[in-house]
Amino acid sequence: MKIVVLMKRVPDLVEDLEVDGSGKALATEHLKLTVNEFDDHALEEGLLLKETSGGELTVVALDAADVDKMLFTALAKGADRVLKITGAANVEGNTGLAAVFEEVLSAQEHDLILTGVQAADDRDGQLGPIVAALLDVPCVEVVTQVEVGEPGEGMVTVHKEYSGGVVAELEISLPAVLGIQAARQSPRYAPVSKVRQIQQSATIETLAGAGESSGAAAGGGSGFSVVEMTAPETGAGAQMLAGVDELMAVLEAKGVV
Amino acid sequence: MANDVLVVAEHLKGELGEITFELLGIGKTLAAALGGQCVVALIGGNDGMVTALGAAERVVRVDGEGLSDFDPDSHGDALLAVYEAVDPRVVLVGYTSMGMDLASNLATRAGVPHAASCIALVEAGENIHATAQLYGGKLNVTSDLGGGRCVASVLAGSGAVEAGKAEGAPATESVAAPAGRGRVRFKRLIEPEAGDVDITAKEVLVAIGRGIGSKDDIEVAEELAEELDGAVAGSRPLIDSGWLPKTRQVGKSGLKVSPKLYLALGVSGAPEHIEGMKSSATIVAVNTDKQAPIFNYAHYGLVEDLFDVCEELTEAIQEKKG
Ligand SMILES: Cc1cc2nc3c(=O)[nH]c(=O)nc-3n(C[C@H](O)[C@H](O)[C@H](O)COP(=O)(O)OP(=O)(O)OC[C@H]3O[C@@H](n4cnc5c(N)ncnc54)[C@H](O)[C@@H]3O)c2cc1C
């Protein structure tokens, strides 16, 4: 089975996020990017499937700052191939990104396409369902478990999560896209030494992407503009307390202690 | 293009979800501003649901084999058929598990813009402006969706359920179900296993997030919860890591709680978490990041290390008890 994992880097939410002078975009000067945590889960689920059912796992990502490190880490974790798409750095949003991925995927063998259920910067929808719609293959979002059917059946059985812990079991014919919420186990860790070692021996394949032009044609709805980006008023309702003494006073007043 | 707003109804186990009524409330206001009608798309529903959708002016139904249970593929095809028949200005979908399957699919196939994770929609001149909560709730982004058709997926809790609830007999019409492609097959629903503790019944919840750092350290929260006669609940990553059972998860894919006291320790306050706890009577948040979105929902906040607070508070309560 050919498994393809689509990954992207997003602003690290642990850091302070600042809006630039235009008031419409993130200030990039101190912006720290990190792997979309749900993509990391998608990779983990893909690796687990490969280990149990065999196959080849390819990670595809757009060229961006530090993307090499992400791709070498994927190799260190067990990916067979990593592919970096160049020349498409200016694509807009997931609609633009999906069009680039669609083009790449059309030329790559793929049975199962995995990606994160969402990302922190999904202004124009989630990547998985857009890619699936462009490829005209089925897609299921919020997946927490994937089981590969018997060889030759060409299908997977997945768990899709609803609220309250209710789960739907769905059977999906391949090829298909799955938006992974959580892998069956926490994403594995690749030791730095192993990543370094891989960096010496392995190569990242590069592929030129078509960029924006195809995005607009295929996706149609991309590129709607930002009016403003603002931090919600911090502590709009919260009264900030100076310490545990003050907290105790609150809890006493509320009658909980 | 009509000036109507199409609300996509969501149902599970034969019942409409609350999000449907929230969307109806938002949709009615928006439709009035646009001078159009608020129309509901009901795919695989039943007659009882139509009566409950009395707040809508029209209900467009699609029924057919295999539509009573949700599967993203056939419901996606059915929604596209309704969209083409109604030709609405705005489509409102829940930013929910089902909605995540439908909204991007519809927007891409119809070739119209889609604003995800929205908390508000307004008419601004000729255009629709959508405000979305992005970056884990750290930033609100307002987008101009233009003067044409568009899709918005809306976070649960953005509108009032009551605003969309009314019994009635809205006009109904049917759209034929597109031929099934059979690519996705619904098998069954799996109910969660009952847990040791029912967190929805507790008056006090000590909710821990990824800030707790390790499984072993959950003990300090357990101790505090015991002193408060409450229980420990948690954010999703803790459940995914196997540190807490699923029955302790608060949020979008977990449980909805509204205790007397919700003490959030090292929880950032992502929209998916907030959905499950924002109606708590008193919310206290402890977080080392003063920018953490949880402070926007908390009534009281402490920018401190959770371990310090946990330890000092446990001691203070013990001291008080004597
Ligand atoms: C479809 C879907 C459904 C989801 N459903 C849910 C759900 O039901 N429930 C849910 O919770 N999430 C859900 N999520 C996940 C959600 O998006 C967030 O990823 C999650 O809520 C983050 O959890 P967290 O706040 O514990 O972790 P983080 O966002 O990593 O936050 C950890 C916080 O701890 C603080 N911190 C670190 N160390 C300390 C310390 N020593 N003292 C004090 N503070 C500290 C940090 O400043 C940070 O704010 C869902 C996501 C999706 C896509």
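Residues numbered from 1 in each chain as written. Chains lettered and ligands numbered in written order. Predicted model: local features only at pLDDT ≥ 70, side-chain atom pairs only at ≥ 80, totals over all residues. Heavy atoms only, no water.

## Let's talk about helix α7 (residues 244-253) of chain A
Item 1. Of all the residues in α7 of chain A, the buried ones are Val-244, Leu-247, Met-248, Val-250 and Leu-251 of chain A. An end-on view of α7 of chain A places all buried positions within 160° of arc, on one side of the element. Across from the buried face of α7 of chain A, at angles greater than 90 degrees, the exposed residues are Asp-245 and Ala-253 of chain A.
Item 2. Check the buried side of α7 of chain A and you find it contacts β15 (261-265), β16 (282-286), β17 (300-302) and α8 (306-321) of chain B.
Item 3. Positive phi shows up at Gly-255 of chain A, right after α7 of chain A, with a value of about 75°. (Buried < 20%, exposed > 50% of the residue type's maximum accessible area, 1.4 Å probe, protein only. Helix = DSSP H or I, 4+ residues; strand = E, 2+ residues; numbered from the N terminus. Arc of directions from axis to C-beta. Contact = heavy atoms within 4.5 Å.)

## A closer look at the domain arrangement of chain B
Often, the extent of an interface is quoted as the loss of accessible area on bringing the components together.
Residue and element names in this part refer to chain B.
Item 1. Domain annotation of chain B identifies domain 1 (5-174) and domain 2 (199-321).
Item 2. Distance between the C-alpha centres of domain 1 and domain 2: 33 Å.
Item 3. With ten residues of domain 1 in contact, the opposing surface of domain 2 contributes eleven residues.
Item 4. With both chains or domains summed, domain 1 and domain 2 bury close to 840 Å², and 47% of this area falls on carbon and sulfur atoms.
Item 5. Looking at the side of domain 1 facing domain 2, the largest losses of area belong to Gln-133, Gly-136 and Lys-138, adding up to 44% of the total buried there.
Item 6. Remark: the boundary between domain 1 and domain 2 carries two salt bridges.
Item 7. With its nearest N and O atoms 3.0 Å apart, the salt bridge here joins Lys-138 to Asp-289.
Item 8. Counting across the interface, domain 1 meets domain 2 through five residue pairs in polar contact (both at pLDDT 80 or more).
Item 9. Of the residues in the side of domain 1 that touches domain 2, the class split is three nonpolar, five polar and two charged. (Domains from an automatic or database assignment. Buried area = accessible area lost by both parts, 1.4 Å probe. Salt bridge = Lys/Arg side-chain N within 4 Å of Asp/Glu carboxyl O. Polar contact = N/O pair within 3.5 Å; in protein donor to acceptor, adjacent residues only side chain to side chain. Nonpolar A, V, L, I, M, F, W, Y, C, P; charged D, E, K, R; others polar.)

## Observations concerning the packing of aromatic side chains
Item 1. This model, assessed by the stated rule, comprises zero aromatic pairs over all chains.
Item 2. Over the aromatic face of Phe-224 of chain A sits the side chain of Arg-123 of chain A, whose NZ or CZ is 4.6 Å from the ring centroid.
Item 3. Over the aromatic face of Phe-21 of chain B sits the side chain of Lys-165 of chain B, whose NZ or CZ is 5.0 Å from the ring centroid. (Phe/Tyr/Trp six-rings, centres within 6.5 Å; stacked < 30°, edge-to-face > 60°. Lys NZ or Arg CZ within 6 Å of the ring centre and 35° of its normal.)

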